[in-house]
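Letter by letter, the chains look like this.
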Amino acid sequence: MGTSLLTPSLHTARLRLRAFEAADANDLFALHSSAYVLRYWDSPPWSERARAEKFITACQRMAQEGTGVRLAVDRASDGAFLGWCSLSGWNPDFRSASLGYCFGEAAWGHGYATETARALLGWAFDTLDLNRVQAEADTRNAASARVLEKLGFVREGTLREDCVVNGEVSDSWVYGLIRREWQPSSEPVPAP
């Protein structure tokens, strides 16, 4: 790729999206070591804190290589770490990327994932000139499917038995969001 991506800082009514820092390792490890939070994830929970440090390094490398951005999400009111959201696999030729996110259990049910993804998608459609964003969700993960549908993603198909985690085989739904179908919210997201 060659072009590094400037990791944006974005703000919504309730949230702050920012670049990961070394100080996030403990919160990140707490999130990714929870078997309950990761029960529909495509890899097992982390057992070593060093994984968090590798993850943060990978976030920085992703931005440097220009393949995507992964942002930490904090609650604006108290600065609590809630989770993260990413756009990865950016392909400037195809004008496509993939959306991903992971939030701790305490953040579920408050609309934070939708609010976060909407801000990141708004930035990405404006800044990266995307035409298509893809996302995948375990077919058992109804909450994640609802988030994607609220954002305007269309379920395009099922990847049968595409993940095997700790011996458990699962299917994934594939979702796509096309630029012309994107409905940004009325809430302003400042330009980077």
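Everything that follows concerns the structure shown earlier in this document.
If you're wondering where the values come from, they're calculated on a predicted model, not measured in any experiment.

**Q** Describe the overall build of the protein, naming the residues involved and giving the relevant values.
**A** In terms of helices and strands, the protein carries 4 helices and 8 strands. For the protein, the succession of helices and strands along the chain, N to C, is β-β-α-α-β-β-β-α-β-α-β-β. Rg of the C-alpha trace for the protein: 16 Å, near the compact-globule value of 16 Å for 192 residues, within the 12% margin. Projecting the C-alpha coordinates of the protein onto the three principal axes gives extents of approximately 40 × 40 × 35 Å. The buried share of the protein, reckoned over its 192 residues, is 44%. Of the accessible surface of the protein, which amounts to about 9,900 Å², a share of 48% is contributed by carbon and sulfur atoms. Computed over 20 positive and 24 negative side-chain charges, the separation of the two mean positions in the protein equals 2 Å.

**Q** Summarise the packing of aromatic side chains; cite the residues concerned and give the values.
**A** Tallying each qualifying case throughout the model produces 7 aromatic pairs. Plain terms: the ring middles of Phe 55 and Trp 84 are 5.5 Å apart, the flat faces sit at 55° to each other, and that makes the pair tilted. Of the two residues, Phe 55 sits in helix H2 (residues 50-65) while Trp 84 sits in strand S4 (residues 81-91), which places them 29 residues apart along the sequence. On the basis of relative accessibility, which here comes to 5%, the residue Trp 84 falls in the buried class.

**Q** Quick one: what's the story with unusual backbone geometry, residue by residue and with numbers?
**A** Phi is positive for Asp 129, close to 55°, though the residue is something other than glycine. Position of Asp 129 among the secondary structure elements: in the loop between helix H3 (112-127) and strand S6 (132-138). Judged by its relative accessible area of 39%, Asp 129 is partly exposed.

**Q** Go over the sheet that holds strand S7 (residues 154-165), please, and point to the residues and values.
**A** The strand order across the open sheet built from 8 strands is S1-S2-S3-S4-S5-S6-S8-S7, with neighbouring strands paired in mixed fashion. On the outer flanks of this sheet lie strand S1 (10-11) and S7, each paired with one strand and no other. Taken together, the 2 bridges between S1 and strand S2 (residues 15-19) define a ladder with antiparallel strand orientation. By the bridge assignment, Leu 10 is partnered in S2 with Leu 17.

**Q** Which residues make up the pattern of salt bridges, and what are the values?
**A** For the structure on display, the rule yields 12 salt bridges. Its salt-bridge partner being Asp 74, residue Arg 18 comes within 2.6 Å of it at the nearest N-O pair. Taken as a pair, Arg 18 in strand S2 and Asp 74 in strand S3 (residues 69-75) lie far apart in primary sequence, 56 residues in all. You can call Asp 74 buried: its relative accessible area is 2%. One salt-bridge network, held together by shared partners, links Arg 16, Arg 18, Asp 24 and Asp 74.

**Q** Let's hear about helix H4 (residues 142-150): which residues, and what values?
**A** Among all positions in H4, only Ser 144, Ala 145, Val 147 and Leu 148 are buried. Angularly, the buried residues of H4 cover 155° about the axis, an arc narrow enough to put them on a single face. Set apart from the buried face of H4 by more than 90 degrees, the exposed residues are Arg 146 and Lys 150. Residues of H4 that are buried sit in contact with strand S5 (96-103), H3, S6 and strand S8 (168-178).

**Q** Explain the side chain of His 32 residue by residue, including any values.
**A** Within the secondary structure, His 32 sits in helix H1 (residues 25-32). Of the polar contacts made by the side chain of His 32, one reaches the side chain of Trp 84; its length is 2.9 Å. Excluding its chain neighbours within four sequence positions, the residues that come into contact with His 32 are Leu 38, Trp 41, Pro 45, Trp 46, Phe 55, Trp 84 and Cys 102.

**Q** How would you sum up H1? Please name residues and give values.
**A** Those residues of H1 lying buried are Ala 25, Leu 28, Leu 31 and His 32. The buried residues of H1 occupy one face: seen down the axis, they fall within an arc of 125°. Looking at the packing, one finds that the buried side of H1 touches H2, S4 and S5.

Procedures and definitions
Residues numbered from 1 in each chain as written. Predicted model: local features only at pLDDT ≥ 70, side-chain atom pairs only at ≥ 80, totals over all residues. Heavy atoms only, no water. Helix = DSSP H or I, 4+ residues; strand = E, 2+ residues; numbered from the N terminus. Rg over C-alpha atoms; globule rule 2.2 N^0.38 Å. Buried < 20%, exposed > 50% of the residue type's maximum accessible area, 1.4 Å probe, protein only. Areas by Shrake-Rupley, 256 points an atom, 1.4 Å probe, with all protein chains shown as cover. Lys, Arg positive; Asp, Glu negative; His and termini not counted. Charge placed at Lys NZ, Arg CZ, Asp CG, Glu CD. Phe/Tyr/Trp six-rings, centres within 6.5 Å; stacked < 30°, edge-to-face > 60°. Pairing = 2+ DSSP bridges. Salt bridge = Lys/Arg side-chain N within 4 Å of Asp/Glu carboxyl O. Arc of directions from axis to C-beta. Contact = heavy atoms within 4.5 Å. Polar contact = N/O pair within 3.5 Å; in protein donor to acceptor, adjacent residues only side chain to side chain.

The values reported here are purely geometric and, on their own, carry no functional implication.
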